[in-house]
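# Examining the three-dimensional arrangement
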Amino acid sequence: MTGSTPSGGADAAVVLEGLTKRFGDHTAVDGISLSVPRGSFVGVVGRNGAGKTTTMKMCTALLPPTAGSVSVMGIDVWANPVAAKEQFGVLPETMALFDRLTGAEMLLYNGLIRGLDRDLVVQRSRRLLHVLGLDEAADRMVVDYSHGMTKKVALAAALLHGPQVLFLDEPFEAIDPVSTRSIEAVLHRHVEDGGTVVFSSHVLDVVERLCDHVVVIDLGRIRTTGTIEQVRHGARLEDAFLELIGEQDQNTEGLSWLGSS
Ligand SMILES: Nc1ncnc2c1ncn2[C@@H]1O[C@H](COP(=O)(O)OP(=O)(O)OP(=O)(O)O)[C@@H](O)[C@H]1O
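What you see is a predicted model; the values in this text were computed from it and never measured.

How each quantity is defined
- Residues numbered from 1 in each chain as written.
- Predicted model: local features only at pLDDT ≥ 70, side-chain atom pairs only at ≥ 80, totals over all residues.
- Near = placed C-beta within 6 Å.
- Helix = DSSP H or I, 4+ residues; strand = E, 2+ residues; numbered from the N terminus.
- Core = buried A, V, L, I, M, F, W, Y, C linked by C-beta atoms within 7 Å.
- Buried ≥ 20, exposed ≤ 12 C-beta atoms within 10 Å, placed from the backbone.
- Contact = placed C-beta atoms within 7 Å.
- Pairing = 2+ DSSP bridges.
- UniProt positions renumbered as here; feature names shortened; annotations may be inferred.
- Axes fitted to C-alpha atoms, helices over the stretch in contact; angles between N-to-C directions.
- pLDDT = per-residue confidence, 0-100.
- Parallel < 35°, antiparallel > 145°, perpendicular 65-115°, else oblique.
- Left-handed = near helix turned anticlockwise from the far one by under 90°.
- Nonpolar A, V, L, I, M, F, W, Y, C, P; charged D, E, K, R; others polar.

Let's shift gears to the site of the ligand. If you check the shell around the ligand, you find Phe 23, His 26, Ala 28, Gly 46, Asn 48, Gly 49, Ala 50, Gly 51, Lys 52, Thr 53 and Thr 54 and nothing else. At the level of elements, β2 (26-37) and α1 (52-59) are the ones that each hand at least two residues to the shell around the ligand.

As structure tokens, this is what we get:
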């Protein structure tokens, strides 16, 4: 995986070139270039406000870039969003779901608007709901789901059309350990079958366990990228990350009043 000189070759699942997003005077993403090979499992990490979600949104046709380009499986996401969307599934940070439908109905609706055959959608939905531990919840309205259950049904919706690339923003946030393992198994299966996963996470132990590559973003730029081993240099990924980002001192000065009453 290259961080500054995207090859853009036929082996690339995702190619970012000079991807930039400015909000007024603030540059949230500052000219990111990256080439993600097909079949890789990539963790995107960075502290709060580093630019992970903004980058994910630009990759998935949710937020137009100020400059630069992104392509998925060779298709320019912003020049040809409809064709590009067939290639990827997305679990966004904030989910606008049709939550007055049951989980099964929501998946059916998602599948049908993607033009999938009804029987195929029903069959895939059942399987996904089962694997993600949502059998019991399938006939309940999504609005009544817990945060973790909502995330899992949104993940099922992202997987339904069998995309080549998955972009997942914090897929493990609010997910219990049992479901974490189920999701990990689904994602591993996707990669074993030749798919690509790009996900952001603050849980570096999960990134270390799952991913073959990691991208560290800071202040809207790629701070470093490579295989997990290259980035952690034999240490724990979390320690390597803290050293890289330079935030090891936990300064609690001025908080002596905490717990004093
Ligand atoms: N719509 C917006 N308008 C203005 N500024 C924004 C907007 N969206 C994001 N930002 C800013 O862009 C920067 C990057 O935000 P982003 O959400 O991409 O960070 P992040 O790495 O995903 O953070 P977190 O880990 O907290 O989710 C932040 O400074 C944020 O305040």
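Right, picking up where we left off after that structure.
Core analysis: the biggest nonpolar cluster contains 70 residues, and Val 14, Val 153, Ala 156, Phe 167 and Val 198 have the highest contact counts within it. A total of 8 residues in this core trace back to one element, the largest contributor, which is helix α5 (residues 147-159). Residues contacting Val 14, with those up to four places away along its chain left out, are Val 36, Cys 59, Val 72, Val 165, Thr 196 and Val 198.

A few words now on the sheet that holds β2. Reading across the sheet, the 4 strands line up as β2-β1-β4-β5 and stay open at both edges, with antiparallel pairing between neighbours. The open sheet has two free edges, formed respectively by β2 and β5 (75-76), since each of these has just one partner strand. Relative to β2, strand β1 (residues 12-23) runs antiparallel, the two being bridged by 9 bridges. Paired with Val 15 across the strands is Ser 35, a residue of β2.

Here, the residues flagged by UniProt with the feature "domain: ABC transporter" (unreviewed entry) are residues 14-244. When the span residues 14-244 is considered, its composition is 39% helix and 27% strand, and the gap between its end C-alpha atoms is 25 Å.

Below, the discussion takes up the sheet that holds strand β8 (residues 196-200). Pairing within the open sheet is mixed, and its 6 strands lie in the order β6-β7-β8-β3-β9-β10. Pairing within the sheet leaves two strands with one partner each, and these edge strands are β6 (88-91) and β10 (221-227). Ignoring strand direction, the axes of neighbouring strands in this sheet form an average angle of 15°. For strand β7 (residues 165-169) and β8, the ladder comprises 5 bridges, and the chain directions are parallel. Looking at β8, one finds that Phe 167 is bridged to Val 198. Here α5 sits on the sheet in contact with β6 and β7, set at roughly 170° to β6.

Bringing the confidence of the model for the chain into the picture now. Residues with a pLDDT of 70 or more make up 95% of the chain, whose mean pLDDT is 91. Two summary scores accompany this predicted model of the complex, namely pTM at 0.92 and ipTM at 0.98.

Okay, the packing of helix α3 (residues 103-113) against helix α4 (residues 118-131) next. Close contact between α3 and α4 brings their axes to 9 Å; oriented N to C, the two are set at 135°. Overall, the two elements α3 and α4 adopt an arrangement that is oblique. The handedness of the crossing between α3 and α4 is right-handed. Across from Gly 103, Ala 104, Leu 107, Leu 108, Gly 111 and Leu 112 in α3, the residues of α4 making contact are Arg 118, Val 121, Val 122, Ser 125 and Leu 129. Looking at the contact of α3 with α4, its residues break down into 7 nonpolar, 3 polar and 1 charged.

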